[in-house]
Amino acid sequence: MAKFNPLRQLPLSANYGPKDTLVVFGEVFSRGYVNGLIEEAERKGMKVVYTTVGRRDADTQKLRPLTPEELKEKQQTPLVNVPLEAGFDLIPWSDGQTLVDKISGYKMSEWDKVAVDRKELEDIILQSRKDFKARTADMIKTLEKDIPLEGHIVFAHTMAGGIPRAKIIMPCLNKIFKGSGDRYQSSEEFWNTDLGYLCDRSFDEVTANTYQILIDETQALREKKTKEGFKVSYVAYGYHGCDTYVESKDDYIWQSYSPYLQGWAKIKLETIAEDSLKQNIQASVFNAPEILTNSSSVFLGIEVCLYPLLTALRHEGLSPSHPLFKESQSKLKEGYTLQDIEAYVQKYLNADTKDFESEFNKWPTHNQPEQMDRMKRASAELMDMHTDSKNLCTADLSEIVFKACGGLMLDKSYDLGDAVWWIGHDIVSKWTVARQNL
């Protein structure tokens with residue numbers, strides 16, 4: 001596992017311009033981290049090239065490119081229309097059934113009885129990896145043929161997740177990530193079943209191995225551009241906890257959301273970057289802070305440790321007149337202030353019995369009943385300070401984070417230095433203050 005390596009100083013502004021290209025490896029949806037990277041690339045005048053995971057035919061479940069109508073709806077050009085969906089859950093086994101077919105007959109009460117042939121599963125995984133590798137190669141060929149690549153190239157790996165699409169899995173994960181009291185489910189118990197094994201292997205394939213395949217399949221392009229005197233770099237979004245400002249210590253302390261079952265795949269992602277850098281390939285993983293996205297909303301309470309960013313922004317000197325503070329205050333009920341939010345979360349961070357993971361060398365950790373109860377209560381009480389539980393000030397804080405991450409990652413990609421970096425609340429705040437002063 002990589003040593004904790006927080007980005008403390010703002011990197012020099014990267015010398016990118018109109019002849020340089022950002023290639024987004026993975027489809028862009030709304031409310032995601034990569035939107036900040038795209039905004040920053042466009043601000044520098046770079047060309048942005050999009051890709052897609054494709055779609056599944058409703059009847060046959062066969063993977064296909066986007067239709068002309070779907071392309072028009074995306075409003076992302078240029079887009080290389082080669083489907084880059086990763087994973088193995090819909091690949092037919094020797095009997096013609098997919099993994100989803102094989103476990104569809106189990107009832108929820110039988111979730112811990114699900115059994116799969118792990119030997120044949122490994123064969124299917126290798127098949128899916130070979131197929132993804134071929135489609136990635138096709139994407140690169142199409143990219144080189146149809147889109148001029150004149151200058152420096154930054155590949156942004158955005159693929160994550162990989163929950164197998166079997167109906168029995170999401171209810172289990174909802175109990176793990178959101179359950180307390182009678183609905184609590186031990187993540188460790190789940191992880192040690194065949195269902196947990198399937199998730200573990202799927203997370204590896206989607207989150208981590210796709211990064212390795214991207215690096216491998218762009219070798220010829222990378223060598224060609226390097227000989228021409230241009231940089232080719234690879235940045236990937238990871239998660240491995242985050243530096244959070246703790247007022248009582250007047251310092252930034254690492255903490256992490258728990259349980260985070262994708263954590264083992266994120267560590268593998270880091271290892272891929274480390275191995276690549278040893279081969280003089282400019283690849284890094286940037287571990288970003290927690291934000292609320294369409295996908296992260298499955299994690300109950302993940303937003304709790306986003307609130308302390310308010311304190312960090314004040315601490316680093318963001319102007320009290322910054323629109324963030326006014327907009328966030330407007331979302332609170334009468335009688336509550338942002339200082340009330342900050343005080344509540346600081347108490348949470350200082351609890352004698354930790355409500356969150358704070359031991360870096362033990363990450364990732366599984367959930368505990370008391371921890372889930374406290375996190376659920378904290379999330380609910382913070383929401384209750386708002387006028388609308390679906391319109392939290394964490395939405396504005398999330399935008400601050402993904403914009404800062406995009407700016408920091410793009411500038412750092414020009415001279416990566418290390419294989420794994422942590423983007424914490426301190427550097428996010430410093431970037432936001434510096435951008436305010438431009």
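Presented here is a report on the structure given in the accompanying data block.

Conventions and cut-offs
- The written sequence of each chain sets the order in which its residues are numbered from 1.
- Owing to the predicted nature of the model, reporting of local features is limited to residues with pLDDT of at least 70; listing and counting of side-chain atom pairs is limited to 80 or more, with chain, interface and lining totals taken over all residues.
- Heavy atoms from the whole structure form the basis of all side-chain values; hydrogens and water molecules are not counted.
- Axes here mean lines fitted to C-alpha atoms, for a helix over just the part in contact, with angles spanning 0 to 180 degrees between N-to-C directions.
- Numbering goes from the N terminus for both helices and strands, where a helix is a DSSP run of H or I of at least four residues and a strand is a run of E of at least two.
- Note on terminology: angles under 35 degrees are roughly parallel, angles over 145 are roughly antiparallel, angles of 65 to 115 are roughly perpendicular, and the others are oblique.
- The sense of a crossing depends on the near helix, which, turned anticlockwise from the far helix by less than a right angle, makes the crossing left-handed and, turned clockwise, makes it right-handed.
- Note on contacts: a residue pair qualifies if any of its non-hydrogen atoms lie within 4.5 Å across the two residues.
- For this scheme, ten residues count as nonpolar: Ala, Val, Leu, Ile, Met, Phe, Trp, Tyr, Cys and Pro. Four count as charged, namely Asp, Glu, Lys and Arg, and the remainder, Gly too, count as polar.
- Note on exposure labels: buried denotes an accessible area under 20% of the residue type's maximum, exposed denotes more than 50%, and partly exposed covers the range between, all computed with a 1.4 Å probe on protein chains only.
- This arc is taken over the directions from the axis of the helix to the C-beta atoms.
- We define a salt bridge as a side-chain nitrogen of Lys or Arg found within 4 Å of a carboxyl oxygen belonging to Asp or Glu.
- Two strands form a pair only when DSSP identifies at least two bridges running between them.
- By convention, a stacked pair of Phe, Tyr or Trp rings (six-membered ring in the case of Trp) has centres within 6.5 Å and planes under 30 degrees apart, an edge-to-face pair has planes over 60 apart, and any other such pair is tilted.
- By this rule the span expected of a helix is its residue count minus one, scaled by 1.5 Å.
- Within this scheme, the nonpolar core is defined by two criteria: the residues are buried Ala, Val, Leu, Ile, Met, Phe, Trp, Tyr or Cys, and they are joined through side-chain atoms within 4.5 Å.
- In this analysis, the protein atoms alone were mapped onto a 1 Å grid. Cavities are point sets where a 1.4 Å probe fits without being able to get out; pockets are open sets with protein on both sides within 12 Å along at least five of seven lines; lining residues have an atom within 4 Å of a point.
- Grid points are joined across faces, edges and corners, and a volume is the space filled by probe spheres set on the points.

1. With respect to the packing of helix 4 (residues 118-146) against helix 7 (residues 194-217)
- Two elements in contact, helix 4 and helix 7, have axes whose closest approach is 10 Å; the angle formed by their N-to-C orientations is 30°. By the angle between their axes, helix 4 is roughly parallel relative to helix 7. In the crossing of helix 4 with helix 7, the sense of the turn from one axis to the other is right-handed. Contact with helix 4, carried on its side by Arg-118, Leu-121, Glu-122, Ile-125, Arg-129, Phe-132, Lys-133, Thr-136, Ala-137 and Ile-140, involves Asp-194, Tyr-197, Leu-198, Arg-201, Glu-205, Asn-209, Thr-210, Ile-213, Leu-214, Asp-216 and Glu-217 of helix 7 and no other residues of that element.
- Along the lines of polarity and charge, the residues of the contact of helix 4 with helix 7 split into nine nonpolar, three polar and nine charged.

2. A short note on helix 5 (residues 169-178)
- Those residues of helix 5 not exposed but buried are Ile-169, Cys-172, Leu-173, Ile-176 and Phe-177. One side of helix 5 carries all its buried residues, which in axial view fall inside an arc of 120°.
- The secondary structure elements touched by the buried residues of helix 5 are helix 6 (187-191), helix 7 and helix 13 (369-384).

3. Describing the pattern of salt bridges
- Under the criterion given, the structure shown has 26 salt bridges.
- The salt bridge partner of Arg-8 is Asp-426, with a shortest N-O separation of 2.3 Å. Taken together, the positions of Arg-8 in the segment before strand 1 (21-25) and Asp-426 in helix 15 (residues 425-436) put the pair 418 residues apart, joining distant regions of the chain.
- The exposure class of Arg-8 is partly exposed, given its relative accessible area of 30%.
- When its relative accessible area of 2% is taken as the criterion, Asp-426 is described as buried.
- As a salt-bridge pair, Asp-112 and Lys-113 come within 3.4 Å of each other at their nearest N and O atoms.
- A relative accessible area of 35% means that Asp-112 is categorised as partly exposed.

4. What about the sheet that holds strand 11 (residues 420-422)?
- Taken together, seven strands build an open sheet; the order of strands is 5-2-1-6-7-10-11 and the sheet is parallel. Each end of this open sheet is capped by a strand with a single partner; those strands are strand 5 (79-83) and strand 11. In this sheet, adjacent strand axes meet at a mean angle of 20° when their direction is disregarded.
- Strands in contact with helix 14 (residues 394-412) are strand 6 (153-157), strand 7 (232-238), strand 10 (282-287) and strand 11; relative to strand 7, the strand with the most contacts, it is inclined by about 150°.

5. Comments concerning the side chain of His-322
- Tracing the backbone shows His-322 in the loop between helix 10 (309-315) and helix 11 (323-329).
- With residues up to four places along the chain from it excluded, the contact list for His-322 reads Ile-400 and Gln-436.

6. Here we look at the pairing of strand 9 (residues 251-255)
- Of the pairings in the sheet, the one linking strand 8 (residues 242-246) to strand 9 comprises five bridges and is antiparallel in character. Along strand 9, the bridge assignment pairs Tyr-245 with Tyr-252.
- With antiparallel pairing between neighbouring strands as the criterion, strand 8 and strand 9 make up a hairpin whose turn holds four residues, including Asp-250 at a positive phi of roughly 50°.

7. Observations concerning the packing of aromatic side chains
- For the coordinates displayed, the defined rule picks out 18 aromatic pairs.
- On the numbers, 6.2 Å between centres and 65° between planes, the contact of Tyr-239 with Trp-363 is edge-to-face. Here Tyr-239 is found in the loop between strand 7 and strand 8, whereas its partner Trp-363 is found in the loop between helix 12 (338-349) and helix 13, with 124 residues between them in sequence. Take Tyr-239 and Trp-363: they sit in the same class, and that class is buried.
- Taking the centre distance of 5.5 Å and the plane angle of 65° together, the rings of Tyr-257 and Phe-299 count as edge-to-face.

8. With respect to helix 13
- Given a rise of 1.5 Å per residue, 16 residues ought to cover 22 Å, and the 23 Å separating the end C-alpha atoms of helix 13 matches this to within 8%.
- Those residues of helix 13 that fall on the buried side of the exposure criterion are Gln-371, Met-372, Met-375, Ala-378, Ser-379 and Leu-382. The buried residues of helix 13 all sit within an arc of 130° when viewed along its axis, so they share a single face.
- Residues of helix 13 that are buried sit in contact with helix 5 and helix 12.

9. Some words on the nonpolar core
- Residues Leu-22, Phe-155, Phe-190, Leu-195 and Tyr-211 are the most contacted members of the largest nonpolar core, which totals 140 residues.
- Ranked by the residues each element gives to this core, the list is headed by helix 7, at 11 residues.
- Setting aside anything within four residues of it in sequence, one finds Tyr-211 in contact with His-157, Tyr-234, Val-235, Ala-236, Leu-269, Ile-272, Ala-273, Ala-283, Ser-284 and Val-285.

10. What to know about empty space enclosed by the protein
- One pass over the full model with this rule turns up two cavities of 30 Å³ or more.
- By volume, the second largest cavity amounts to about 50 Å³.
- Lining the second largest cavity are Ala-86, Gly-87, Ser-128, Arg-129, Phe-132, Glu-205, Asn-209, Thr-210 and Ile-213.
- Elements that contribute at least two residues to the lining of the second largest cavity include exactly helix 4 and helix 7.
- Tallying contributions element by element places helix 7 first for the lining of the second largest cavity, with four residues.
- By residue class, the composition of the lining of the second largest cavity is three nonpolar, four polar and two charged.

11. Looking at the environment of Ser-284
- Mapped onto the elements, Ser-284 comes out in strand 10.
- In the structure, Ser-284 is positioned 51 residues away from Ser-233 in sequence and 8.3 Å away in space, judged by C-alpha atoms.
- Discounting residues that sit within four places of it in the chain, Ser-284 has contacts with Tyr-211, Tyr-234, Val-235, Ala-236, Ala-273, Leu-416, Asp-418, Ala-419 and Trp-421.

12. Quick word on the pairing of strand 10
- Most of strand 10 is tucked away: five of the six residues are buried.
- When strand 7 meets strand 10, the two strands line up parallel, connected through six bridges. In the strand pairing of strand 10, Ala-236 is matched with Val-285.
- Pairing between strand 10 and strand 11: three bridges, direction parallel. Paired with Phe-286 across the bridge in strand 11 is Trp-421.

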